[in-house]
Each structure stands twice: as structure tokens, then as C-alpha cells.
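Chain by chain, the residues:
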Amino acid sequence: MSAAVGAERPQVVSHVQQALSYTVFDCKWVPRSARLLCLGSAARGTGLIQLYELHGARLELLREIEKPKPIKCGTFGATSLQQRYLATGDFDGNLNIWNLEAPEIPVYSVKGHKEIINSIDGVGGLGIGEGAPEIVTGSRDGTVKVWDPRQNDTPVANMEPVQGESKRDCWTVAFGNAYNQEERVVCAGYDNGDIKLFDLKTMSLRWETNIKNGVCSVEFDRKDINMNKLVATSLEGKFHVFDMRTQHPTKGFASVSEKAQKSTIWQVRHLPQNRDIFMTSGGSGSLHLWKYEYPAQRSKKDSEGSEMGVAGSLSLLQNVTLSTQPISSLDWSPDKKGLCVCGAFDQTVRVLIVTKLNKI
């Protein structure tokens, strides 16, 4: 790992801090707007969705929506830019899709899982990626399910442990490889360190590995391109970057790993405007900004003549400690480069500005 040159290093500036009266689990920018959402759990055990608008150096609360069950995660990934519907997963295993203009009753609702939905992702919406709009959910019940909101309450794919295999708590899910109408994969990370890559075109397990520690977050650098890179973060302060361009028949994908800190890395999010820059959020209340450098050659032939990937290297661009509590959620603005929101367990949401991103 190499550190970036001092003068040109990006700075992470805390622009607005907003205290919350509840536990926030997820934060999301509303696409094509200066608005953001906080999703979480109120003290009395209900769910909350708060919609804020950024006005200069302050956040204005536009709407607060209370729901029966605490809300763990949300995504806009499967909606159109016109509708901007929010899909959420809650503590009771429900997948709901909300029209934020009329949020009283969900526009789509299904009891997706027997237990809490830990993670959700969407693809095929927002004008990003090819193919049908789909939502993936990962749950404590050990299953990963893919939903098409245009269909009724049956998942279009259900990845569950095979008979005799113990169920593992699925902590994180992400779509990738959606570069045409046919191709699409789901990556899932589990509490025992397993990472599984499901190919939705062939409905098969394409690859699996284990990173020794619970997998907190997985994300492809882009959902709508031929698989390029995947970052997986873990409980023990370590994360792994896999080069997903070349899959070796036995060794799988080449990877590079980095120990960012001693505590859990809760989330990873790639910069929408530059897929080689990403931010990790930590259990120590810190954020780390990274850049991935590609090797001179991304693949080589092994002694048997099979193609194998070559991993690149990582440089730390900046790190900052914002909170005494874990930063559990993070989202870059898709529209304004360097604008970012994060939620922490100190019941605070922070809007950040990361400078100099166009110089690296």
C-alpha cells in the first residue's frame, strides 16, 4: 500500500451534522435531487423513514414516515428516474416498495423472508444497466432471493443452503455483470466468511470463496458493465478486492487484501464517477478513501496454459474519524461528485464533501 502525495490528497470535510432521535441503519441519496433518506428504528420498536433536503449548510426535514417494523436497508436501484420508488427490507422479513409522494401504503409488498432482511440491492432501474428491474434481498434466514416487482409475491430466484448444509446469516448482497439483457449475477456475503457468486442467467453457483471473517459488505465497482472488480469487507478490519475479469478454473479470481483498521469495516461504496475510487466505513467511526491501481497486465497464463488474473495494488488517499460509534451506512450522491452521506450509531447523519477527486 502506498499513500497519496500530500498536496493533492483529497480532504473529507464534514459539511452538515444532523442529530437523530432514533437508530439509523441506512442512508440514501434520492436520485436527481438534493434530498436524502434516513432509514431506521425508533425507540418504541417501529420503523422510520425520514426525508431531508439539503439547503446550503443545513438539512431540512421534509417528511417523517413511521412503519410497524424497524427498517434495516433500502435501495432505489430497481426504479425509474421518473418514479424514484424506494425498496426497503425490514426486521420482520418484509420487502416493501414505497412511493415517497404517497407513502401510506406500499406499491408492492411481500413477506420475503422468515427473519430480518439484512441487505438489499436493485438493478435495471435509474437508467443504469440492461434487463428487467430486479431487487435482491439477503436475510438472517440464510436465503438470498431475487424479486421482479412486476410479478406477484414469488421470487424469480431463490438461493438457499442445499439439504444438509447449515444455514448461514446472509449479511450483504449486490448485483453485478448486468451489461446486457441476459447476463446478471448476485454476490452474497455471509457471517462465516463465505462469499458466493450466483449466476442468474444459468441459475447456478458460479464461484465461492471464504475470507475467514464475517462478510459485512460486498459491492461491484459498477453493476452495469462486464464484471470488473468486487470489494468485500469483513469483521476484522480487513477488506479484499477481487479482479473479476479473469476466472481461473481452480484458483478463481485474483485478489489483493488490506487491513484498514482493527475494527469492523461496515460498508464499501464506490464513487459513481470513478470506479477505481471507493470509501470504506468503520466500526471505529472512521472513513477510509482508497484508490485501486491496475497491474501492467491483468492476466497471465499458468503452467497449464489457463488464464489467471493478476491483482493490482491499493493506495490510501485519505482517512478521517468522525464519530466514537460505528459508521454503519454510506452513500455517494449519484449526481454531485464528492458529495456523500453517512449514518452512525451515535444517532447522527452527516453530509460530507470529498475534495480534489478530479485530480486523482
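These numbers were taken from a predicted model, which means no experiment stands behind them.

Q: Please clarify how the sheet that holds strand 16 (residues 185–190) should be interpreted in this entry.
A: The strands making up a sheet associate through backbone hydrogen bonding, with each pair oriented either parallel or antiparallel. Reading across the sheet, the four strands line up as 15-16-17-18 and stay open at both edges, with antiparallel pairing between neighbours. Sheet topology places strand 15 (170–176) and strand 18 (204–210) at the edges, where each strand pairs with a single neighbour. Between one strand axis and the next, the sheet turns through 15° on average, direction left out of account. Pairing geometry for strand 16 and strand 17 (residues 194–199), over five bridges, is antiparallel. The partner of Gly 189 across the bridge, within strand 17, is Ile 195.

Q: Looking at this structure, how should I read the pairing of strand 17?
A: Side chains on a regular strand alternate between the two faces of the sheet. Of all six residues in strand 17, six are buried, a share of seventy percent or more. Burial along strand 17 is two-sided: Asp 194, Lys 196 and Phe 198 and Ile 195, Leu 197 and Asp 199, pointing in opposite directions, are all buried. Between strand 16 and strand 17, which follow one another and run antiparallel, lie three residues, and Gly 193 among them has a positive phi close to 95°. In this antiparallel pair of consecutive strands, strand 17 and strand 18, the connection spans four residues, and Met 203 shows a positive phi of 50°.

Q: Looking at this structure, how should I read the sheet that holds strand 30 (residues 339–344)?
A: The sheet built from four strands is open, its strands ordered 2-31-30-29 with antiparallel pairing. Lying at the two open borders of the sheet, with one neighbouring strand each, are strand 2 (12–19) and strand 29 (327–332). Here the strands of the sheet are splayed against their neighbours by 20° on average, with no regard to which way each runs.

Q: Can you help me understand a positive patch on the surface in this one?
A: On the surface, Lys 212, Lys 238, Lys 259 and Lys 262 cluster together to form a positively charged patch. Mapped onto the elements, Lys 238 comes out in strand 21 (residues 238–243).

Q: Just to check I follow, could you spell out the UniProt feature "repeat: WD" (unreviewed entry) in the protein for this structure?
A: Per the UniProt record, "repeat: WD" (unreviewed entry) is annotated on residues 135–157. Note that residues 135–157 is 0% helix and 43% strand, and that its end C-alpha atoms are spaced 10 Å apart.

What counts as what
Residues numbered from 1 in each chain as written. Predicted model: local features only at pLDDT ≥ 70, side-chain atom pairs only at ≥ 80, totals over all residues. Heavy atoms only, no water. Pairing = 2+ DSSP bridges. Helix = DSSP H or I, 4+ residues; strand = E, 2+ residues; numbered from the N terminus. Axes fitted to C-alpha atoms, helices over the stretch in contact; angles between N-to-C directions. Buried < 20%, exposed > 50% of the residue type's maximum accessible area, 1.4 Å probe, protein only. Patch = residues over 30% accessible without salt bridge, like charges linked within 9 Å, V, L, I, M, F, W, Y side chains within 5 Å. Areas by Shrake-Rupley, 256 points an atom, 1.4 Å probe, with all protein chains shown as cover. Salt bridge = Lys/Arg side-chain N within 4 Å of Asp/Glu carboxyl O. Lys, Arg positive; Asp, Glu negative; His and termini not counted. Charge placed at Lys NZ, Arg CZ, Asp CG, Glu CD. UniProt positions renumbered as here; feature names shortened; annotations may be inferred.

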